[in-house]
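Chain and residue survey
This is what each chain is made of:
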Amino acid sequence: MNSKVRKIIPQLITLLAVILIFGFFTFNAQINMDNRGIEFGFGFLSQESSFDVQFSLIDYDGSHSYARAYLVGLLNTLLVAFIGIIISTILGVIVGIARLSPNYLIERSAAFYVEFFRNIPLLLQIFFWYFAALRALPLPQNADSIFGVFYLTIKGLFVPRLVWENLDIFFYSLIAAVISIIVIRNYARKIQENQGKQLPVFSISIGLLIILPLLAFLTGVVSLGVEVPVLEQIATTSFIYKGGLGIPPELIALTLALSLYTATFIAECVRAGIQGISKGQKEAAASIGLTPNQILKLVIMPQALRIIIPPTTNQYLNLTKNSSLAAAIAYPDLVLVFAGTALMQTGRAIEIVSITMLTYLSISLAISLLMNWYNKKIAIKEK
Amino acid sequence: MMNKLNFLKPDRKNLNTYLYSGSFLFFIAIFDVFLSSFFKINITSFLPNLVSFLLPLILGILGLHLIRIEFSGIKNLDLLNKNINTNNFNATLTLIIIFAIIKSIAPVTSWFFIDANIAGDTKEACTGSGACWTYIKIWLRRFIYGMYPNELQWRINISFILLIALAFVGYFPSEKLRKFLTLYYVAIYPIIAFILIYYLISGGTFGLVWVETGAWGGLSLTFIVSFFCLIFCFPVGMFLALGRRSQLPTVRYISVGFIEFWRGVPLITVLFMSSVMFPMFLPEDFFMDKLVRVIIAISLFEAAYVAEVIRGGLQALPRGQYDAAKSLGMGYWKMHIFVILPQALKLVIPGIANTFLALVKDTPLIFVVGLLELVGMLNLAKTNPEWLGFAMEGYVFAAIIFWIICYAMSKYSYNLELKYKTDR
């Protein structure tokens, strides 16, 4: 009896404290909102937003609703996070491997890169790229082209736009390729388990990935055109690029800073992962006659990935959360569009801040769930 | 005796021939890049553009290939080959890095030193094409003290000196007082720090002029915010970690929810919350200073991270420690205070140092609520009409300062890691 009471009382006290704090806050919020004549609710989401957003992936202007503005911000955030994750992973893996290079110069340069970019606040780096480095770029009319089609100017990077015809068919061919690769891989595994033969799965997969989409082109159903940006004068001193795809400088500065910063952490994860594999594994694999490529593919990487993935997931989450710094350089991400402009216009602090936080929370949870699933899949299967 | 020369596979025969021709080619390549970088002379301008551009690389690869002689018998050459010249791929990368270093030295030194200006008091004094350090010189006080009145800045200096001095007290107590050290750092020191900052920097009593927190700024604000957050987030994080490992379900779920919530949201939204949403949750006539709200918000945010670090330490302790403590008849608190926490905290010191490092790097974010620490001050100075166009200098200056602080902290935490690694 005594021990039961001792277990229940602290729990009751904690629960009571939490309830009291929340109750106090809700009570105050109620009074404050009554005083200001605001009604709690999410009805404002369907109202007309009447503000414009500089850069948007979907159709949007002032006549759309706040919900649509939220979607614009969310998509922009996801875009930055997505590009950032890809670039930082590639860069991080390269730098991480370079840090283990036997070449002294390569190892030192990689270490310098990591120590340099890791120890400067991310916000400072974003400001640096946006206000200092990218502002030094030429005006549109003075910009030299790169390979004749890319233009890097103070107004952003202008690249050719790909004009697709029957993009969906091309897409289907890709899906068909992926599905057949999965089937072939399972078949190859069965063959290997039953007969000990190895099929060249990798080359077949690459071949399929190239051949199937290529067939779609050759049959003439899908065609791809390129629209090159062209300089146009709209006033005596004002030039813009018409056609092509314009990438705003905010997006460039943000992805650059995020990728360079996060890549340093990913590089350290990769290094730790590869170093974590004992030398004996490599020697054992070599002694049973595996080639260096096979050693890396079949022995080192599967084990190293197990060490690398959990901390790298954390870095992906950090990158996604850090993309909210976009607000500082006026890239229209979720925080700027929704927690900034929309909040300013509607004055609905509680609803908007909660929605924003919940959104980030769900992105974080989604990424970590996905990565946990993958992690479980590649974890050591003990028989 | 003349041996047959085989340039595809240099070996020990004809060692000198390979060595001299190889080094010659290598040095020609370096010389070419050196000239083009420092004196803007291109000695291969008679060649087509692309060839002229790639020539140093090709010459260098050939040269390094020729001196790649296994077991040459020359110690330095073997060392060189082993470290930077193991195969053609490595040699290419080596050359690219060397060329990049040579290429970047000239513009960087000329921007930083040779073409830079530091004399004078106005923008007009900056005539060189390099950096304008005059800008930093004139604005230095603002960058360090923010809008804090010039004649009162001694108050910030004195309180910082006192705080640093008091932090070192722990190094020289007698054996008798040593057991109170933890108490000193966890309870007494924060209180002293708070009193110092409240009465000395903020002022308002003892004949000191009151300076509102809106005027605080610059690097000193960075230190104040990181310092207080550091002090507050540690105990909160410790309780959260204990809560997460508690046997009591309610306590555990509340702790897990709290930790995961703060870890799942970006700091910038937390600061937004503290500035626009939090006032709605307080009684109407209750006023809380902006700086205090920010410090509370960052402390709670970092506490969640500290909690996870401490939980790692708690999990790393072997079960035997818990069992042993319980078998001595210790209760929950006694067991944790005297047995578990001292060992667990020692294990996680490096991890906590890393969290604090992240905290220092996060302080610039307080600009979203209108507090201007170093980076915020830079952005303010940048828009001053008399000093337009010096964004680069400002950011480079701030980057150097932050880099020194963070690098020193990370080295320190690395040393701690080495120090405590062998203890168990």
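Just above, that's the structure.
A brief structural summary. (Residues numbered from 1 in each chain as written. Chains lettered and ligands numbered in written order. Predicted model: local features only at pLDDT ≥ 70, side-chain atom pairs only at ≥ 80, totals over all residues. Heavy atoms only, no water.)

1. Comments concerning the overall build of chain A
Rules: The secondary structure listing takes helices from DSSP runs of H or I that are at least 4 residues long and strands from runs of E that are at least 2 residues long, numbered from the N terminus. Within these notes, the globule rule equals 2.2 Å times the number of residues to the 0.38 power, and the radius of gyration is based on C-alpha atoms. Categorising residues by exposure relies on relative accessible area from a 1.4 Å probe, with only protein chains included: less than 20% of the type maximum marks a residue as buried, more than 50% marks it as exposed, and the intermediate range marks it as partly exposed.
For chain A, the helix and strand inventory stands at 11 helices and 8 strands. Relative to its length of 383 residues, chain A is extended, with a C-alpha radius of gyration of 27 Å against a globular reference of 21 Å. Principal-axis analysis of the C-alpha atoms gives chain A an extent of 90 × 80 × 45 Å. The buried share among the 383 residues of chain A stands at 40%.

2. Considering unusual backbone geometry
Residue and element names in this part refer to chain A. Although it is not a glycine, Ala-330 sits at a positive phi angle of roughly 65 degrees. Note on placement: Ala-330 falls in the loop between α9 (292-322) and α10 (334-346). With a relative accessible area of 42%, Ala-330 lands in the partly exposed category.

3. Describing the interface of chain A and chain B
In plain terms, the rule: Contacts are residue-level and defined by heavy atoms, with any inter-residue pair within 4.5 Å sufficient. The term buried area means the drop in 1.4 Å probe accessible area that two parts suffer when joined, counted for both and summed. One side-chain nitrogen of Lys or Arg within 4 Å of one carboxyl oxygen of Asp or Glu is enough to make a salt bridge. In this count, Pro and Cys sit with the nonpolar residues alongside Ala, Val, Leu, Ile, Met, Phe, Trp and Tyr, while Asp, Glu, Lys and Arg are called charged and the others, Gly among them, polar.
Opposite the 52 residues of chain A that make contact, chain B presents 54 residues. For the pair chain A and chain B, the two sides together bury roughly 4700 Å², of which 74% comes from carbon and sulfur. Taken as a group, Asn-119, Leu-124 and Met-357 of chain A account for 14% of the area that chain A buries against chain B, more than any other trio of residues on that side. Run the count over chain A and chain B and you get 0 salt bridges. No other element matches the 14 residues that helix α1 (residues 2-36) of chain A contributes to the side of chain A that touches chain B. Here the residues of the side of chain A that touches chain B are counted per class, giving 34 nonpolar, 13 polar and 5 charged.

4. Some details on the sheet that holds strand β3 (residues 156-159) of chain A
All names here are of chain A. Applied cut-off: A pair of strands is considered paired only if DSSP assigns at least 2 bridges between the two.
Pairing within the open sheet is antiparallel, and its 4 strands lie in the order β1-β2-β3-β8. Strands with a single pairing partner mark the edges of an open sheet, and in this sheet they are β1 (145-146) and β8 (245-247). In this sheet, strand β2 (residues 150-153) lies alongside β1 in antiparallel orientation, the contact comprising 2 bridges. Counterpart to Ser-145 in the pairing with β2 is Tyr-151.

5. A word on the pairing of β2 of chain A
Residues and elements named next belong to chain A. Judged by which residues are buried, β2 turns out to be one-sided: Tyr-151 and Thr-153 face inward and are buried, whereas Phe-150 and Leu-152, on the alternate face, are not. As paired elements, β2 and β3 share 3 bridges and run antiparallel to each other. Note on β3: the bridge partner recorded for Leu-152 is Leu-157. The hairpin formed by β2 and β3 contains 2 residues between the paired strands.

6. Some points on the packing of aromatic side chains
For the record, the criterion: Aromatic pairs are defined between Phe, Tyr and Trp rings, using the six-membered ring for Trp, whenever the two ring centres lie within 6.5 Å; interplanar angles under 30 degrees are classed as stacked, those over 60 as edge-to-face, and all others as tilted. Charge-over-ring placement is defined geometrically: NZ (Lys) or CZ (Arg) within 6 Å of the ring centre, and within 35 degrees of the ring normal.
Summed over the entire model, instances satisfying the criterion amount to 26 aromatic pairs over all chains. Judged by centre distance (6.2 Å) and plane angle (70 degrees), the ring pair of Phe-127 of chain A and Phe-367 of chain B falls under edge-to-face. One end of the pair, Phe-127 of chain A, is in helix α4 (residues 122-133); the other, Phe-367 of chain B, is in the loop between α13 (332-362) and α14 (374-382), on a second chain. Residue classification places Phe-127 of chain A among the buried positions, given a relative accessible area of 2%. Judged by relative accessible area, Phe-367 of chain B falls into the partly exposed class, the value being 22%. Linked through ring pairs, Phe-127, Tyr-130 and Phe-131 of chain A together with Phe-367 and Tyr-395 of chain B together constitute an aromatic cluster. Lying across the ring of Tyr-253 of chain B, Arg-252 of chain B places its NZ or CZ 5.6 Å from the centre. One Lys or Arg, Lys-411 of chain B, reaches over the ring of Tyr-414 of chain B and ends 5.5 Å from the middle of that ring.

7. Quick notes on the packing of α1 of chain A against helix α10 (residues 267-281) of chain B
Operational definition: Axis definition: a line fit to C-alpha positions, over the contact stretch in the case of helices; interaxial angles, taken between N-to-C directions, run 0 to 180 degrees. Roughly parallel refers to an angle under 35 degrees, roughly antiparallel to one over 145, roughly perpendicular to one between 65 and 115, and oblique to any angle outside these ranges.
The interhelical angle for the contact between α1 of chain A and α10 of chain B, taken along N-to-C directions, is 95 degrees, at an axis separation of 6 Å. With respect to α10 of chain B, the axis of α1 of chain A lies roughly perpendicular. Listed contacts from α10 of chain B to Phe-24, Phe-25, Asn-28, Ala-29, Asn-32, Met-33 and Arg-36 of chain A of α1 of chain A are Phe-278, Pro-279, Met-280 and Phe-281 of chain B. Considered class by class, the residues forming the contact of α1 of chain A with α10 of chain B number 8 nonpolar, 2 polar and 1 charged.

8. Side note on the pairing of strand β7 (residues 239-242) of chain A
Where burial is concerned, the two faces of β7 of chain A differ: the one with Phe-239 and Tyr-241 of chain A is buried and the one with Ile-240 and Lys-242 of chain A is not. Two successive antiparallel strands, strand β6 (residues 230-233) of chain A and β7 of chain A, enclose a turn made up of 5 residues.

9. What about the pattern of salt bridges?
Residue and element names in this part refer to chain A. Inspection of every chain in the model, using the stated rule, returns 9 salt bridges over all chains. Arg-99 is paired through a salt bridge with Glu-107; the nearest N and O atoms lie 3.9 Å apart. Summarising the burial analysis for this pair, Arg-99 and Glu-107 share the class buried. With a shortest N-O distance of 3.3 Å, Glu-107 and Arg-108 are connected by a salt bridge. We classify Glu-107 as buried; its relative accessible area is 16%. Among the charged side chains, a salt-bridge network with shared partners connects Arg-99, Glu-107, Arg-108, Glu-268 and Arg-271.

10. Remarks on the environment of Tyr-189 of chain B
Residues and elements named next belong to chain B. Positionally, Tyr-189 belongs in helix α7 (residues 181-202). For Tyr-189, a relative accessible area of 8% puts it in the buried group. For the pair Tyr-189 and Val-169, spaced 20 residues apart in sequence, the C-alpha separation works out to 9.9 Å. Residues within four places of Tyr-189 in sequence aside, it is in contact with Leu-163, Leu-166, Ala-167, Tyr-184 and Phe-227.

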